[in-house]
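# Breakdown of the fold
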Amino acid sequence: KGVEKYVTEETGITGLFQYFIKVVPTQYKGDIVDDLGTAVPKWGEKLLETNRYFFTERFRPLVGEVHEEAILSGDPDRGTAGAHVGGKTGGTLHEKMEHHDSQNAVLPGVFFVYEIYPFAVEVTRNEVPLTHLLMRIMAAMGGVFTLMGLVDGVLYSREKKKGSGARR
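Residues numbered from 1 in each chain as written. Predicted model: local features only at pLDDT ≥ 70, side-chain atom pairs only at ≥ 80, totals over all residues. Heavy atoms only, no water.

A separate point is the packing of aromatic side chains. For the structure shown, the criterion picks out four aromatic pairs. Their ring planes at 45 degrees and their centres at 4.7 Å tell us that Phe17 and Phe59 sit as a pair that is tilted. In this pair, Phe17 is assigned in strand β1 (residues 15-29) and Phe59 in strand β2 (residues 47-61), connecting sequence segments 42 residues apart. Taking relative accessible area as the criterion, Phe17 reaches 16% and is therefore assigned buried. (Phe/Tyr/Trp six-rings, centres within 6.5 Å; stacked < 30°, edge-to-face > 60°. Helix = DSSP H or I, 4+ residues; strand = E, 2+ residues; numbered from the N terminus. Buried < 20%, exposed > 50% of the residue type's maximum accessible area, 1.4 Å probe, protein only.)

Summed over all chains, the structure comprises two salt bridges. Put simply, Lys22 and Glu115 hold a salt bridge, and the shortest N to O gap is 3.0 Å. Here Lys22 is found in strand β1, whereas its partner Glu115 is found in strand β3 (residues 109-116), with 93 residues between them in sequence. Among the ionic pairs, Glu122 bridges to Lys29, the shortest N-O distance being 3.5 Å. Here Lys29 lies in strand β1 and Glu122 lies in strand β4 (residues 121-124), a separation of 93 residues in the sequence. The exposure class of Glu122 is partly exposed, given its relative accessible area of 48%. (Salt bridge = Lys/Arg side-chain N within 4 Å of Asp/Glu carboxyl O.)

Written out as structure tokens, the structure reads:
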């Protein structure tokens, strides 16, 4: 399965296709390697070294094509570049000047930009015994009891001070 791209007249017939690919070195260690379904040696530590990747893509049509579409559509504002300062958009004559067009001109082609991360991700599966779960539950309950005792002590001391002040 590959990636299919269809360029239509609405988006511009040709332009700049950019793919930003990020590669992250990854190590799978231990029993999780068996679940991946890859062949690993029977001797020694189970270790699979591979890479994960993700990408973003961007398409920018040629400026000339955008202006041809604007002329054909009858919309003079379509395809013009504009500076958006302070949240204000469109409307001034300066935004439609030719020097803005030259800043947006692109070279048609397909470009791949690779970034290899300088760190590695290690994926392991750790099984935690049931006793660890029970200890964590008891620690949480102990924390709740401690806090409730603190709140009760503060409220009791406030009531005791109010009660002694009313008797005088």
